[in-house]
Structures are given as C-alpha cells and as structure tokens.
Amino acid sequence: MKKITLLLLFTLCLSVCFAKNYTTGKNVPCSEYQVRLSDKLYIGSSESFECLATIAHLAGFEEYNQTYNGIDYSAWDEYFSKYLNNKDVQAAIKYFKKLRNIGFSYDAIANASSYMTPDCQSLKYDTKLIKKHMQKRCGNPEKLVSYVSKFYEATNFDSFYISQLENYKSLCKVYIDNSNTLNTAISEIENYFNKEIDTVFICVSEIIGYNNYGNSFFDGKSTHFNPHYCRSNFDINLFIHELSHPFSSEIVEKSMKNKNLTKAIDNRLTKNLENKLSQDAYPGVFGYLNEMLNRANTIVILEQFLDEIQITEALLYDFSYGFVDIFTVYEIFKEYKNGNYTNQLDFSPYFEQKYIEKLKNPNDNYLFSFLIHHFLFFPNNPLCWLGYC
C-alpha cells in the first residue's frame, strides 16, 4: 500500500517545544498544545493557523466571524483591538483583504498555515516546493509569511496563544474521550482506500467558526494529514469526512478530466442550485463533484459505524444540502467497496461511465428505489402507520 506519512515532532501534552525550520535548519521555539492519542493519532492546536485565522477575523472574513452556535470572539477582539493602529497589523489586514479577491478564504487559510513554522517567522520547506503544492489562492508564500511574521511580532501573538491554552484543552476533550473510535475510523479509511496512514494531527480551533477543513500538505516526500475541526460535539461522520478528503481528491481530479462527465454535471446544475452551492463554498462543477464524491465515500465507510436508518438520514441530509446525485454516487461507490479494485483511480473509469449514464437519464436513478427499500423502515413513516412496513 502507498504510505502516506505525517511527520509530527510534538508528543508532549503541554510544554515549550521546538519546531525545525526546514529552510534554515534552526530550531524555532513555540508553545503549541498537542497530545498524542496513539501511534497514529495526535490532537491539539496550530499556532500558525491561529495567527492567520486571527488576521482573517480582523480583516472581516465572514467565515472567521461567525457568531452563532455559541462562538465567542471577545477574547480576540479585546486583545487585538489595542494593536489595530499598528502599521504592521494594518498592512497584514490589508494584504489579506487583497488576497480574498483571488479566493483566499476558508480552507486556504489552513493550507497556508501548514507551510509555516509555528512562530510564523519562516516557511517550513523549500520555496519552490511550496509554490508548487500550496493552494494558488494563498498567493505568493514568501510575501504572505512576510506580512504574517510582522503581525505575529507586533502583537506578541505567542502571549495571546498561551492565554488560550485552557480553551484549546477544552476543545480537544471530546476527541480525546473518543480516541478509540477515532483510531477505528482511521483503520476503516485505510482499508477502504487501500492506503496506509502513518499519523494524523487533528487541529481543533475556536476561531475557525462553524467550519471544518480536510487539510493536507506535501513536504516533498509525504502527504501530511492535518484536518481542522471547529468546536462541536463528537461526530464520527465529520471526522471521516475531513480525513477522507485528500483520498477522495484523486478520483475527483481524474474525473474532472472527462469532458463528457463535466458537461453532464454542468447541465445538471440549475442556476438556483449552483447559487446555493456557491454560497456554501462549493462553486461550479469542481466544487459540486469534489464535495459530493467525498460525502459519498464517507457514507460508505460509515456503514461500519451507523445503522441503516442513520445512513439514510445522512444521505437525505446531503441531498437536501444540494448534492442531488448523492444517492446515485453512493450506490456506485458501494460497487467500489465490494469490487476487486486496487484503488479509486483503478475504479474511476467505471465510475465515470456509470455516472454519465445516470446523468443522461435523470429519471433512471437510485433515489426512488433507494427510498422504497430504506425509507419504509423509518418508524414515523406514514406508510408504517398504514401497515406497509
């Protein structure tokens, strides 16, 4: 199996740690909170992400200013308000607003932070490598780290980060309490995609709002898994979903090269549906396909954790969210799970052919037959009241 390795240097629950600067070879002190849950699983917070997300918050990025679900930014606003007239702080905010015009938002913030040292003073890897693999929406990595590093120093950000350590501990507790389930989920993901995961670092954050990102990055040798989660109750669906994104991206990228498929999906997306998906950060054919295929993969894996009714509820939720082909793709991906395929790239030609056939015949899809087979078993279904269940 292809080995995908995440190099983690931090194993202490809470201490001053040192992160190697891959550009200069020097050790950089930091105060990151991280806990080792098993040989493969770590959890904590990322100081570089917290810093970038703070700038995004001050720059007014909507996704980093969500006030519902009990999210409270008062600690950030109180601490950083006294620095708003600082020229380095103003410059960083202005630059982030400029980058937002090219799509620097949501998960791009997490992706950019993955390539910076915890103290935000430099890049972890060779600049050419980072420019090749960092999301293009992040702009020039050298220019970005220049603005962020000055913001970090001007605001004494490490001091603020340390003041939030109890909050980070609180955010991580629900995952620590469910570590056995998380490790089982990692094993199921490995078996499903036929790929090995060495280690995973879960980053939990308050300032992330109510969003979650299946972040990963590349260091020249290995793909690193670094999913980001918001404050929430434990959700096995969410954990598998975000961790599966880097794996699902392979079949997405392959499928996007099939012009017949992308044209059929484009015809499928009505104006109203496309507007809804764009508002939820899934714009266009790629946004639709990328998210829906990962959701379908996730639900197939969830069959090991949820009963039939819960699986149906998950599918109906995704359908109502705008992923109108989720039932069709889910059933096709079940053929991948039960088939003799090496991986999803091996399965991709069959998937593309089958999905195109369904898109060309919208009335010939799995939704109706699926609901007939599954939905009848809902105890509150009116058909059950009539004695048909």
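Residue numbering note: each chain is counted from 1, following its sequence as written. Given that this is a predicted model, residues contribute local features only at a pLDDT of at least 70 and side-chain atom pairs are listed and counted only at 80 or more, while totals for whole chains, interfaces and linings are drawn from all residues. Excluded from the side-chain calculation are hydrogens and water; included are all heavy atoms of the structure.

Visitor: Any chance you could break down the pairing of strand β7 (residues 200-204) for me, citing the residues and the numbers?
Guide: Most of β7 is tucked away: five of the five residues are buried. Summary of the burial criterion: residues with accessible area below 20% of their type's maximum are buried, those above 50% are exposed, and those between are partly exposed, where the area comes from a 1.4 Å probe applied to protein chains only. Numbering goes from the N terminus for both helices and strands, where a helix is a DSSP run of H or I of at least four residues and a strand is a run of E of at least two. In β7, alternate side chains face the same way, and those of Val200, Ile202 and Val204 on one face and Phe201 and Cys203 on the other are all buried. As defined by bridge partners, strand β5 (residues 41-44) adjoins β7 across four bridges and the pair is classed as parallel. Bridge assignment links Ile43 to a residue of β7, and that residue is Ile202. Strands were regarded as paired on the criterion that DSSP finds at least two bridges between them.

Visitor: Before we move on, could you go through the packing of aromatic side chains and cite the residues and values that matter?
Guide: When two rings of Phe, Tyr or Trp (its six-membered ring) have centres within 6.5 Å they constitute a pair, described as stacked for plane angles under 30 degrees, edge-to-face for angles over 60, and tilted for the intermediate range. Applying the stated criterion across every chain, the model contains 37 aromatic pairs. Measuring from ring centre to ring centre gives 5.5 Å for Trp76 and Phe160, while their planes differ by 65°; the resulting arrangement is edge-to-face. Of this pair, Trp76 sits in helix α2 (residues 74-80) while Phe160 sits in helix α7 (residues 157-163), and the two are 84 residues apart along the sequence. For the pair formed by Trp76 and Phe160, the shared burial category is buried. Aromatic pair Tyr79 and Tyr83: ring centres 5.6 Å apart, planes at 45°, arrangement tilted. With respect to class, Tyr79 is no different from Tyr83; both count as buried. Connected via pairs of aromatic rings, a cluster forms that spans Tyr192, Phe193, Phe225, Phe247, Phe333, Tyr336, Tyr341, Phe347, Tyr350, Phe351 and Tyr355. When the NZ atom of lysine or the CZ atom of arginine is within 6 Å of a ring's centre and also within 35 degrees of its normal, the charge is said to sit over that ring. Looking at Arg295, its charged tip hangs above the ring of Tyr321, at a distance of 4.9 Å from the centre.

Geometric values such as these leave the question of function open.
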